[in-house]
Amino acid sequence: MAPSSPFNPMSAQARAISHLFTITLAWGAFILLLVLTLVVYCAIRFRDRGEPGYPKQAFGKPKLEVAWTVAPLTLLAGLFVLTVGAIHASDPPKPARQPDLQVIAHQWWWEIRYPHSGAVAANEIHIPAGQPMLTQLNSADVVHNFWVPQLGPKKDMVPGYSNLIWLRADRPGIYMGACSEYCGAGHGWMRIHVFADPPQVFEAWLAHQLARAPAPAPNVEQGARLFARSTCVNCHAIAGTKGKADVGPDLTHFASRTTIATGVLQNTRRNVYQWLQDPQQYKPGAYMPNFHFDQTQLEAMTAYLETMQ
Ligand code: CUA
C-alpha cells in the first residue's frame with residue numbers, strides 16, 4: 001500500500017472516509033455479483049430449447065416487485081445515513097478562535113504560518129503528532145485544494161474566503177498530499193509534505209523557525225550580496241534582511257527543508273544549483289525566473305542558501 005494511500009488512514013477524519021468507501025465498495029461488489037449471477041442463471045435456465053411457439057408469458061409478481069423496490073431503497077437509505085455520518089466525522093465542527101496553523105496556497109507553492117508564535121515556513125508543514133491543529137486554508141490567487149489523503153478530507157482554498165479543517169496525525173511520520181484542484185501550469189507540482197513530529201521535536205522545530213538567520217559567514221557573503229542585489233528580494237523573504245516579500249517562499253530556513261520547488265527536487269547542493277540555473281526546466285510555468293547567473297554566481301548563491309539552516 002502506497003505510504004500516502006487514503007486506504008491507510010492516520011486520523012479519525014480520514015478513517016471515517018476510508019470506512020465509508022470500503023462499505024460502499026463492498027455493497028457495490030455484492031450487488032454486481034448478485035446481478036451477474038442472476039443474468040447468467042436466467043440465460044442458461046430460460047435459454048431457447050427449440051420448442052415451438054412463444055414461451056409462457058408471465059404478468060405481475062407483486063411480491064417480487066415490492067422486494068426489488070424496497071431492497072435498493074433500504075440499501076440507499078442506509079448508505080445515505082452512513083454518508084451523512086462520515087461527512088460529520090471527517091469534518092468535525094470548528095470553534096470560533098484563532099487557528100493554530102494557516103496554509104495559504106499560491107501558484108505553485110504553499111505558504112505556512114503559525115499564528116500563535118508568528119513562525120513562517122513554506123511547503124513542508126510540521127504539526128505535533130496526536131494533536132489536532134485548527135487549520136485555516138486560504139488562497140493568494142486562484143482556487144486550489146488542500147488534500148492529504150491519510151489525514152482527512154479535501155478542502156477548497158478560495159481567494160478572499162477562509163475554510164477551516166482539523167489537521168491531525170495519530171502517529172509521527174511524513175504524510176504526502178497534493179493540490180487537488182487544477183490551478184494552472186504548476187498544479188502537478190504542488191506537493192504537500194506534512195511532518196507529524198513528536199511534540200517535543202515539533203516545539204524545537206517551531207522555536208528554530210522563529211530564530212533569525214545568522215549573519216552570512218564570510219565564505220558565503222558573496223551569495224548574500226547577490227541575493228540582496230538581484231531581484232530575489234522582490235519575491236522572497238529572509239528574516240533579518242531587507243527581503244520581506246511573500247510572492248515566493250520564505251527562505252529564512254531554506255536549508256532545513258528536505259525538498260525544494262514544492263517537492264520537485266530533493267534539497268541537495270547540486271539540485272539547488274541546477275534549479276537556480278534554470279527553474280523552468282524542473283517546473284514549467286514556475287514564476288521563478290531564470291536569472292542567467294554565471295557559474296561563479298550560481299555557486300555563490302547555492303553556498304549561501306545551503307547555510308540557511
Ligand atoms: Cu494548486 Cu492545483
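Residues numbered from 1 in each chain as written. Predicted model: local features only at pLDDT ≥ 70, side-chain atom pairs only at ≥ 80, totals over all residues. Heavy atoms only, no water.

At a minimum axis distance of 9 Å, the contact between helix α6 (residues 269–277) and helix α8 (residues 295–306) shows a crossing angle of 130 degrees. Classed by the angle they form, the pair α6 and α8 counts as oblique. The crossing of α6 and α8 is right-handed. Taken together, the residues of α8 that come into contact with α6 (itself represented by Arg-269, Val-272, Tyr-273, Leu-276 and Gln-277) are Gln-295, Leu-298, Glu-299, Met-301, Thr-302, Ala-303, Leu-305 and Glu-306. Its residues assigned to classes, the contact of α6 with α8 comprises 7 nonpolar, 3 polar and 3 charged. (Axes fitted to C-alpha atoms, helices over the stretch in contact; angles between N-to-C directions. Helix = DSSP H or I, 4+ residues; strand = E, 2+ residues; numbered from the N terminus. Parallel < 35°, antiparallel > 145°, perpendicular 65-115°, else oblique. Left-handed = near helix turned anticlockwise from the far one by under 90°. Contact = heavy atoms within 4.5 Å. Nonpolar A, V, L, I, M, F, W, Y, C, P; charged D, E, K, R; others polar.)

On the surface, Ile-23, Trp-27, Phe-30, Ile-31, Leu-34, Val-35, Leu-38, Val-39 and Leu-82 cluster together to form a nonpolar patch covering roughly 770 Å² of accessible area. Per-element accounting of the nonpolar patch gives the leading share, 8 residues, to helix α1 (residues 12–45). (Patch = residues over 30% accessible without salt bridge, like charges linked within 9 Å, V, L, I, M, F, W, Y side chains within 5 Å. Areas by Shrake-Rupley, 256 points an atom, 1.4 Å probe, with all protein chains shown as cover. Salt bridge = Lys/Arg side-chain N within 4 Å of Asp/Glu carboxyl O.)

Before going further, it helps to examine the pattern of salt bridges. Scanning the model with the defined rule gives 6 salt bridges in all. Taking the shortest distance from any N to any O, the salt bridge between Arg-97 and Asp-100 comes out at 3.0 Å. Since its relative accessible area comes to 39%, Arg-97 is described here as partly exposed. Taken together, the shared-partner salt bridges connect Arg-15, Arg-168 and Asp-170 into one network. (Buried < 20%, exposed > 50% of the residue type's maximum accessible area, 1.4 Å probe, protein only.)

Between Gln-107 and Trp-108 the backbone carries a cis peptide bond, its omega angle lying at 0 degrees. You will see that Asn-123, though not glycine, has its phi angle at about 70 degrees, which is positive.

As summarised here, the arrangement of the 5 strands in space is β3-β2-β1-β5-β8, forming an open sheet in which the pairing is mixed. The open sheet has two edge strands, β3 (119–122) and β8 (163–167), and neither has a second partner. Mean inter-strand twist for the sheet, computed between neighbouring axes without regard to direction, equals 25 degrees. The pairing of strand β1 (residues 101–106) with strand β2 (residues 109–114) spans 5 bridges and is classified as antiparallel. If you follow Ile-104 over to β2, its bridge partner there is Glu-111. (Pairing = 2+ DSSP bridges.)

Our next topic: helix α3 (residues 199–210). Here α3 is 12 residues long and its end C-alpha atoms lie 17 Å apart, about the 16 Å a rise of 1.5 Å per residue gives. For α3, every residue scored as buried is listed here: Phe-202, Trp-205, Leu-206 and Gln-209. Burial along α3 is one-sided: seen end-on, the buried residues are contained in an arc of 100 degrees. Check the buried side of α3 and you find it contacts β2, β3, β4 (124–128), β5 (133–139) and β10 (191–197). (Expected span 1.5 Å × (residues − 1). Arc of directions from axis to C-beta.)

Moving on, we come to the environment of Glu-306. With respect to the element layout, Glu-306 can be found in helix α8. Excluding residues that lie within four positions of it along the chain, Glu-306 makes contacts with Phe-254, Ala-255, Asn-267, Thr-268, Arg-269 and Val-272.

Turning to the nonpolar core, a few remarks are in order. In this structure, Leu-101, Trp-110, Tyr-114, Ile-125, Ile-127, Phe-146 and Leu-167 are the most contacted members of the largest nonpolar core, which totals 32 residues. Filtering out sequence-adjacent residues up to four positions away, Ile-125 remains in contact with Leu-101, Val-103, Ile-112, Tyr-114, Phe-146, Leu-167, Ile-192, His-193, Val-194 and Phe-195. The next biggest cluster of nonpolar side chains, apart from the first, holds 28 residues, and it includes Ile-260, Tyr-273, Trp-275 and Tyr-304. (Core = buried A, V, L, I, M, F, W, Y, C linked by side-chain atoms within 4.5 Å.)

A separate point is the packing of aromatic side chains. Counting across every chain of the model gives 9 aromatic pairs. With a centroid separation of 5.7 Å and 85 degrees between ring planes, the pair formed by Trp-27 and Phe-30 is classed as edge-to-face. Of this pair, Trp-27 and Phe-30 both sit in helix α1, 3 residues apart, which is roughly one turn of the helix. According to the relative accessible area criterion, Phe-30 is partly exposed, its value standing at 45%. Ring centres of Trp-110 and Phe-146 lie 6.1 Å apart, and the angle between their planes is 90 degrees; this geometry places the pair in the edge-to-face category. Of this pair, Trp-110 sits in strand β2 while Phe-146 is found in strand β6 (residues 144–147), placing the two residues 36 residues apart along the sequence. Considered together, Trp-110 and Phe-146 belong to a single accessibility category, that of buried residues. One aromatic cluster in this structure is built from Tyr-114, Phe-202 and Trp-205. (Phe/Tyr/Trp six-rings, centres within 6.5 Å; stacked < 30°, edge-to-face > 60°.)

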